[in-house]
Amino acid sequence: MAVTESCFHCALRIPPGCNYSVELDGSDRPVCCLGCKAVAELIRDSGMANYYALRDNPEPGAGKPPEETAEWEVFNSNNMLQAFAEIDTDSAVATIYAGGMYCSACSWLIETSLLKLPDVESVDVNPMTHRVRVKWLHAATGLGDLLAVFSRLGYQPQPIATDDATRPEVAEQRLALKRLLVASLGMMQVMMFAVGLYAGDFQGIDADMRRFLRLVSFFVTTPVVFYAAKPFFAAAWRGVIARMPGMDLPVSIAVGAAYAASVYSTFSNGPAVWFDSVVMFVFFLTLGRYLEMRARHRSIDRGAALSRLLPNTATLFVDGQHSIVPSAQLAKDDVVQIRSGDAIPADGIIVAGTTTVDEALLTGEAAPQYRGIGDTVAAGSINLDGLIDIQVVSTGNDTTLGAISRMSERARYTRPAFVKIADRIASTVVVALLVIASAVALYWFFVAPEKAFVITLSVLVVTCPCALALATPAAFATAGSRLSQLQLLLTNGNAIEVLSRVTHAVFDKTGTLTLGRPEIESMTIFDDRYSEADCLAIATALERASSHPIAHAFRSKRALPKVRSSQVHVAEGVEGIINEQTWRLGNAGYVLDRSTQENSSSIFLGADSRRIASFDIHDQLRPDAKASLDELRTLGISLTLASGDHEKSVREVARSLEIDDVHFGCTPENKLALIESLQSKGERVVMIGDGINDAPVLAGADTSIAPGHGAELAQTNADIIMLGDSLRPVATAVRLSRSTMHIVRQNLVWAIVYNATALPLAVSGLVPPWLAAIGMSASSLVVVLNALRLNRHK
């Protein structure tokens, strides 16, 4: 059996009949195509043949160049340079993601190849993140020239926009990790020296050796205090200036006093030093702060992951010509071509082609969604299998993706009332503890002066209210992050605390209990002068002014008539003037006359109070609506259905879902009155409904949840946005909110019990400083780790 050869360059199998080879080190090396032959010869002729000796065994296909590299020429424009590089007078710096980099030899090859370009000044390669930072003179060499080098070497380059290269939270995390590393190394070393000092206290130790161990402990502790503990001192000073002392004040006093006393004792040959207590205290505090910060950043990480869904460039269609432009430069009404497999750069309407799109990260819907001409597509979704043209509707922060990021940002900066109360309590406790520490110092100064400093230090350390201050924010931050993972977008930080006490849920019907994707089942014409196509076109034109979910049912392939003086009457219908006639589309009483009481779920079309046509609309229930409502009942929550639709359709849905309390034909005012009535009876009400049409009702409820519907998401006013087609997130939000408040109470009880127990022990002199540091730090870690349990909530 013949042995199948693999390509010397990319390791793919060489196809039958392929006879390409490259001479290297006096031997002919087989390659699979002209592209690999060209790259291998480039590496050889550039004097970099050592690449093949240095590299690891490649994955098949790694390093294989694309068939075309001309596409990179578009990146040589000034627009591209401004979008993807930091520009100085003569030089520019760009960060490029190198797809296909798999070993250290790749780093060497990329760096060496780029430095051979005459205008490249420096190249920094990070093989862990596959990012390459290049600085070059941009007058003669364009960004596209750099990307072409990557491409010729067989990598898949992607320039990274300057806004995405570094994020503030990433910088914060890196700095915190550095401080934690310094504190951990310092603690390990100083504790080793402390073992010798403690042993010397019991077994005796040479004076020079004691002085040596103290000196090295001083040198190791100093960077821990002035670098790792710097945030504590800075925060304490800010609190003093603002006359709002926080938990960092006693921490800073304890660390600073213990360090200063230890330094004095070291150089004056005093009786004791407390370097071990200082580094241990700083390490455990820094560790607790780092874990709490990671909990906060998880929700930011989701926002960053969503922002990375947007492509850097888009193919713009102008006057029959295609040009590649930065996505940031797209504007409304631009026509963009989206190839199969590409991400969609802006919200838009398909004007040519059909496809399926993946919206999993946006909506949580795993199944691909079919989209055709006239359908909307959201920025960040992936075009799976068709070539489509879209007309841009919104870009940047105005897109669905931008709305999600904006709402997440708003939630992060909204401090829940419960957290504010905890902050005020912690501030009061800090002042009380400082008073207690001062009283303890005075007492022991007169009773046993030699013990006064050590006992006061222990009191300051052991009673620091870190656990009390972290008890609430750590739990709320973790809960917000977990909600986002469960397809619930938190827009109001107070919602978690309020939702935990909810006793009654009021549901809207259309777009909430149903999918919000209505379809016309049948049409009846009452006036022979109009055809079905005429009526559908008129109805579609009228509904363009409405944001109600039912408006999505009306689509016409014909040119739409021009409508002027459009008006939307909530819970009734829409009105407009077409060809000097007043047309209405809505319920029977609104379209015909106020006295009409036709109990029908049909939508009527009329002109000048004459009935022209009716449409029977059907909207499917959400597939898990029944199971989701049953789950809410098991949580002890009463259910009400309040809808603006007619009695027949509302009662049909209520019967299917076994809802007994039913209200139909409701205007927003009626719904608001219903909620106020429930609240007057002591009920805590959550309203689940359309975040646009029911905005006043959502505001009147104790808290609110709205399903997210594509581009309309930007206008939603609810406290929590529910993404996807499932109703289960409603029950999930209630359960998670209750679990969050349960953990908050646990943390508060733990913090209070710990301080109440530790304080008298420390005051009596039974707790040495090192044990106080362990106890206080352990209490803080317990609180943070307990809050992190919410990440496992299902």
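**Quick word on the nonpolar core**
- If you look at the biggest cluster of nonpolar residues, it comprises 68 residues, and the most contacted ones within it are Val 251, Phe 281, Val 282, Val 461 and Met 776.
- In terms of residue count, helix α11 (residues 275-307) provides more of this core than any other element does, 10 residues in total.
- Those residues in contact with Val 461 that sit more than four places away from it in its chain are Ala 254, Phe 281, Ala 772, Ala 773 and Met 776.
- Counting 42 residues, the second-largest nonpolar core is a separate cluster that includes Leu 629, Leu 639, Ile 688 and Val 744.

**With respect to the environment of Met 191**
- Mapping Met 191 onto the fold places it in helix α7 (residues 168-203).
- Expressed as a C-alpha distance, the spacing of Met 191 and Ser 277, which sit 86 residues apart in the sequence, is 8.9 Å.
- Excluding residues within four positions of it along the chain, Met 191 makes contact with Asp 276 and Met 280.

**Topic: the packing of helix α15 (residues 449-462) against helix α25 (residues 728-763)**
- Running from amino to carboxyl end, α15 crosses α25 at an angle of 175°, the nearest separation of the two axes being 9 Å. As far as their axial angle goes, α25 and α15 are roughly antiparallel. In contact with Ile 455, Ser 458, Val 459 and Val 462 of α15, α25 contributes Tyr 754, Asn 755, Ala 758, Leu 759, Ala 762 and Val 763.
- Class assignment for the residues of the contact of α15 with α25 results in eight nonpolar, two polar and no charged.

**A look at the confidence of the model for the protein chain**
- For the protein chain, the mean per-residue pLDDT works out to 79, and 84% of the residues sit at or above 70.
- For the protein chain, per-element mean pLDDT is lowest for helix α6 (residues 162-165), which scores 53, and highest for strand β18 (residues 504-507), which scores 92.

**Description of the pairing of strand β27 (residues 685-688)**
- With burial as the criterion, each face of β27 is covered, one bearing Val 685 and Met 687 and the other bearing Val 686 and Ile 688.
- Taken together, the four bridges between β18 and β27 define a ladder with parallel strand orientation. Bridge pairing links Phe 507 to Ile 688 in β27.
- In the sheet, β27 pairs with strand β28 (residues 703-707) via three bridges, with the strands oriented parallel. When the bridges of β28 are listed, Ile 688 appears paired with Ile 705.

**Here we look at empty space enclosed by the protein**
- For the structure shown, the criterion picks out three cavities of 30 Å³ or more.
- One number sums up the size of the largest cavity: a volume of about 50 Å³.
- The wall of the largest cavity is formed by Ala 254, Val 255, Ala 258, Ser 277, Val 278, Phe 281, Leu 457, Val 461, Pro 769 and Ala 773.
- Elements represented by at least two residues in the lining of the largest cavity include exactly α10 (248-268), α11, α15 and α26 (769-788).

**A short note on the pattern of salt bridges**
- For the structure on display, the rule yields 16 salt bridges.
- Measuring nitrogen to oxygen at the nearest pair gives 3.3 Å for the salt bridge that ties Lys 671 to Asp 508. One end of the pair, Lys 671, is in helix α23 (residues 668-680); the other, Asp 508, is in the loop between β18 and α18 (509-513), with 163 residues separating them in the sequence. Each member of the pair, Lys 671 as well as Asp 508, carries the same accessibility label: buried.
- The partner of Arg 584 in a salt bridge is Glu 575, and the shortest N-O contact between them spans 2.9 Å.
- Taking the relative accessible area as the measure of exposure, Arg 584 reaches 24% and is therefore partly exposed.
- One network of salt bridges, in which partners are shared, links Lys 626, Asp 630, Arg 633 and Glu 658.

**Description of the environment of Asp 389**
- Among the structural elements, Asp 389 can be located in strand β16 (residues 388-394).
- For the pair formed by Asp 389 and Val 336, sequence separation is 53 residues and the distance between their alpha carbons is 5.5 Å.
- Sequence-distant contacts of Asp 389, defined by excluding residues within four places in its chain, comprise Val 335, Val 336, Gln 337, Ile 349, Ile 350, Val 351 and Ala 352.

Conventions and cut-offs
Residues numbered from 1 in each chain as written. Predicted model: local features only at pLDDT ≥ 70, side-chain atom pairs only at ≥ 80, totals over all residues. Heavy atoms only, no water. Core = buried A, V, L, I, M, F, W, Y, C linked by side-chain atoms within 4.5 Å. Buried < 20%, exposed > 50% of the residue type's maximum accessible area, 1.4 Å probe, protein only. Helix = DSSP H or I, 4+ residues; strand = E, 2+ residues; numbered from the N terminus. Contact = heavy atoms within 4.5 Å. Axes fitted to C-alpha atoms, helices over the stretch in contact; angles between N-to-C directions. Parallel < 35°, antiparallel > 145°, perpendicular 65-115°, else oblique. Nonpolar A, V, L, I, M, F, W, Y, C, P; charged D, E, K, R; others polar. pLDDT = per-residue confidence, 0-100. Pairing = 2+ DSSP bridges. 1 Å grid on protein atoms, 1.4 Å probe; cavity = no way out; pocket = protein on both sides within 12 Å on 5 of 7 lines; lining within 4 Å. Points joined across faces, edges and corners; volume = space filled by probe spheres on them. Salt bridge = Lys/Arg side-chain N within 4 Å of Asp/Glu carboxyl O.

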